[in-house]
Amino acid sequence: MKPGNPEKYRGLEMSDAAANLLKSDPKTFASYCNGVGSRVGFLNKLAYHFIPNTIGLVNVTPASDIHDVEYTVPADFESLALAKKAFDEANTRLYNNLVIIIERHGRDSFFYELRMWVAKKYYEIVSSSRGETSFYKGKKIAGKNHG
């Protein structure tokens, strides 16, 4: 299923801003989706080409699509605290959505534990300063533009 198709995200968590964009403008929603990984920064651009859109043969792009959109909208925050809260919530939803997708493929799968381990590692990476760089790029916080 292509990005922007609401059926792709059925049963997954997303922010109100992402849900509203998906409903009102699925084409723009889809334009923010780039698969698993970030293209912000030299190392991320390089690594992006080697990061699969699957975890243990399970397609996780629905979770990464939502995460990509939530790293894009909203782009304006009244304070750094509100931006940090949105960053943390987007990352938590990514992890929750990865778990939902993995569990749809069964807890008794041979790859279940490995998939859960990779999902946790993805969460740890996006929650780190590497994820912050991607999140804050292009944002306006307390009236100031960020990288």
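Here the structure is a predicted model, which means the values were calculated and not measured.

With respect to the pattern of salt bridges
1) Next: Following the criterion strictly, the structure yields eight salt bridges and no others.
2) Next: Note that Glu70 and Arg93 form a salt bridge whose closest N and O atoms lie 2.9 Å from each other. Separated by 23 residues along the polypeptide, Glu70 in helix H4 (residues 61–70) and Arg93 in helix H5 (residues 80–104) bring together distant segments of the chain.
3) Next: For Glu70, a relative accessible area of 4% gives the class buried.
4) Next: Of the residues examined, Arg93 reaches a relative accessible area of 16% and is grouped as buried.
5) Next: In this structure, the salt-bridge partner of Glu124 is Lys121, at a minimum N-O distance of 3.1 Å. Highlighted residues: Glu124 and Lys121, both in helix H6 (residues 112–126), separated by three residues, approximately one helical turn.
6) Next: Note on Glu124: relative accessible area 36%, which makes it partly exposed.
7) Next: With a relative accessible area of 31%, Lys121 lands in the partly exposed category.

Observations concerning the sheet that holds strand E4 (residues 140–141)
1) Next: The strand order across the open sheet built from three strands is E3-E4-E5, with neighbouring strands paired in mixed fashion. Strand pairing shows two members of the sheet lacking a second neighbour, strand E3 (76–77) and strand E5 (144–145), which therefore form its edges.
2) Next: Looking at chain direction, E3 and E4 are connected through two bridges and run parallel. Pairing of Phe77 across the sheet is with Ile141, part of E4.

Concerning the packing of aromatic side chains
1) Next: With the rule as written, the count across this model stands at nine aromatic pairs.
2) Next: Centroid distance Tyr71 to Phe135: 5.2 Å. Interplanar angle 85 degrees. Geometry classified as edge-to-face. Remark: Phe135 occurs in helix H7 (residues 129–136) and Tyr71 occurs in the loop between H4 and E3; sequence separation between them is 64 residues. Here Tyr71 matches Phe135 in class, with each residue buried.
3) Next: A connected cluster of aromatic rings, assembled from ring pairs, spans Tyr71, Phe77, Phe87, Phe135 and Tyr136.
4) Next: Here Lys120 stacks its cationic end above the ring of Tyr95, 5.7 Å away from the centre of that ring.
5) Next: The ring of Phe135 has Lys139 sitting right over it, with the charged end atom 4.5 Å from the ring centre.

Description of unusual backbone geometry
1) Next: The omega angle of the peptide bond from Val73 to Pro74 is -5 degrees, so this bond is cis rather than trans.
2) Next: With respect to the helices and strands, the residue Pro74 is situated in the loop between H4 and E3.
3) Next: Although it is not a glycine, Leu57 sits at a positive phi angle of roughly 70 degrees.
4) Next: For Leu57, the position within the fold is in the loop between strand E1 (54–55) and strand E2 (58–59).
5) Next: Taking the relative accessible area as the measure of exposure, Leu57 reaches 74% and is therefore exposed.
6) Next: A positive phi angle, near 50 degrees, is found at Ala142, a position not held by glycine.
7) Next: Mapping Ala142 onto the fold places it in the loop between E4 and E5.
8) Next: Accessibility expressed as a relative area gives 51% for Ala142, which makes it exposed.

Criteria and cut-off values
- Residues numbered from 1 in each chain as written.
- Predicted model: local features only at pLDDT ≥ 70, side-chain atom pairs only at ≥ 80, totals over all residues.
- Heavy atoms only, no water.
- Salt bridge = Lys/Arg side-chain N within 4 Å of Asp/Glu carboxyl O.
- Helix = DSSP H or I, 4+ residues; strand = E, 2+ residues; numbered from the N terminus.
- Buried < 20%, exposed > 50% of the residue type's maximum accessible area, 1.4 Å probe, protein only.
- Pairing = 2+ DSSP bridges.
- Phe/Tyr/Trp six-rings, centres within 6.5 Å; stacked < 30°, edge-to-face > 60°.
- Lys NZ or Arg CZ within 6 Å of the ring centre and 35° of its normal.

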